[in-house]
Every structure is written in C-alpha cells, then in structure tokens.
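# A closer look at the structure
Residue strings, one per chain:
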Amino acid sequence: MFAPPLSLATMRKILVTGISGTGKSSALAELGRLGFRAVDTDVGGWSEWSVAEGGYVWREDRMTQLLGRDDGSSLYVSGTVSNQGRFYDRFDVVVLLSAPAEVLLSRIENRTTNAYGKSPEQRELVLRQLADVEPLLRRTCTHELDATEPLASVVDQLAELGREVSP
C-alpha cells in the first residue's frame, strides 16, 4: 500500500508540527515503519531547554547537520519548538496537524508512550498553546491536516507529500 520514494529526485524534507496530542509521534513512527527516514525531535537529544527562549528549542548544530544531508528517501521531522522557524527555509513542506481541544486532551490522557500532559498544569499549557501557538503555526505552514482522521489516513497523506517532486 505505502512505498517510500525510490530516487533522490523525489527526496523531500517535511516538518510535521502541531500541539501536543495531535499525533506527530505516532505518525512519524508509522512513516518510519514504511521505510521513510523519520526523526521525532522530542526524543534522542534533538531538543534542549532554553531559559532565554522560555521553552524547548532544537539543537541547531544537530538540525543543521540533519537537514544539510540529501541521502535517501524523504525525511520527516516532527516537533514544535520556539526556534523551528529558523529552519523553515530548509524544509520543502511544513505540515500542521490540528485537532480540537477535547481530542488533544483525551489523547494525552489515554496515551501510554509519553507522560507529558498528565498534570493539570501541563494540560492547561496545552490549551494555552492551542489558543496562542497553533494560530502562529497555521500562518507559517504549507499544509494543514485534520488530525482527527484515522492515523492511517494522516500517514497516507504525509507519505504522499513525501513522494511529490520538489520544485
């Protein structure tokens, strides 16, 4: 059903962003199983806390190195950090996954792979980010996908973006 791109001519760099609970990590895990290169920047030392930024930021040295390579199938990167805009010009596509507050909170409450969002303070922060950060992401994305759709549908749409030929 899904097949990764077969040539460098179709290799694309795609950022998948959105508020916690939209399914970024789940979508990237599925894309990785399909043979795409996938980097979830919430794990593996890709992000670090910045007092100056008041939140998590990508480690710019690692991201610069990752995005500077053109070595294989399309690359999917997921994350939502305050300095991601500095890298937008290195992505072919910036995809916003979006879902209503009740969906995000339900997913966060029921997920077992990530402890974030379990405390009342973290849930309140998710709601503030939905109100304040998501509109900023919407203004800077190239595509928006409805994250209330089944995961297989979201992954299929993301995979298709990875197969399109870059201009």
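The text that follows walks through the structure, step by step, so that each part is easy to find. (Residues numbered from 1 in each chain as written. Predicted model: local features only at pLDDT ≥ 70, side-chain atom pairs only at ≥ 80, totals over all residues. Heavy atoms only, no water.)

### Some points on the nonpolar core
Our working rule: In this description, a nonpolar core means a group of buried Ala, Val, Leu, Ile, Met, Phe, Trp, Tyr and Cys residues linked to one another through side-chain atoms lying within 4.5 Å. Type-normalised accessible area, obtained with a 1.4 Å probe on protein chains alone, sets the label of each residue: buried when under 20%, exposed when over 50%, and partly exposed for intermediate values. Put simply, DSSP marks the helices as runs of H or I at least four residues long and the strands as runs of E at least two long, and each gets a number from the N terminus on.
In terms of nonpolar packing, the biggest core is built from 40 residues, with V77 and L158 touching the most fellow members. Elements with a minimum of two residues in this core: β1 (13-17), α1 (24-33), α2 (60-68), β5 (75-78), β6 (93-98), α3 (101-110), α4 (120-132) and α6 (151-163).

### Digging into the sheet that holds strand β2 (residues 37-40)
Operational definition: A pair of strands is considered paired only if DSSP assigns at least 2 bridges between the two. Here an angle of 0 to 180 degrees is reported between the N-to-C directions of two axes, which are lines fitted to C-alpha atoms, with helices fitted over the stretch in contact.
If you walk across this open sheet you meet the 5 strands as β2-β5-β1-β6-β7, and the pairing is parallel. Where the open sheet ends on each side, the last strands, each with one partner, are β2 and β7 (143-146). Put simply, the sheet's adjacent strands are angled 20° from each other on average, direction ignored. In terms of strand pairing, β1 meets β6 through 4 bridges, oriented parallel. Paired with L15 across the bridge in β6 is V94.

### Concerning the packing of aromatic side chains
So the rule is basically this: Ring pairs shown here join Phe, Tyr and Trp side chains whose ring centres sit within 6.5 Å, with only the six-membered ring taken for Trp; geometry is labelled stacked below 30 degrees between planes, edge-to-face above 60, and tilted in between.
Applying the stated rule across the entire model yields 4 aromatic pairs. An angle of 80° between the planes, with centres 5.2 Å apart, marks the rings of F36 and Y76 as edge-to-face. Residue F36 is located in the loop between α1 and β2, and its partner Y76 is located in strand β5; the two are separated by 40 residues in the primary sequence. Residue F36 shares its accessibility class with Y76, and that shared class is buried. Seen in terms of ring centroids, W58 and F87 are 5.7 Å apart; in terms of plane orientation they differ by 65°. Their pairing is edge-to-face. Of this pair, W58 sits in strand β4 (residues 55-58) while F87 sits in the loop between β5 and β6; the two residues are 29 residues apart in sequence, bridging distant segments of the chain. These aromatic residues form a ring-pair network of at least three members: W58, F87 and F91.

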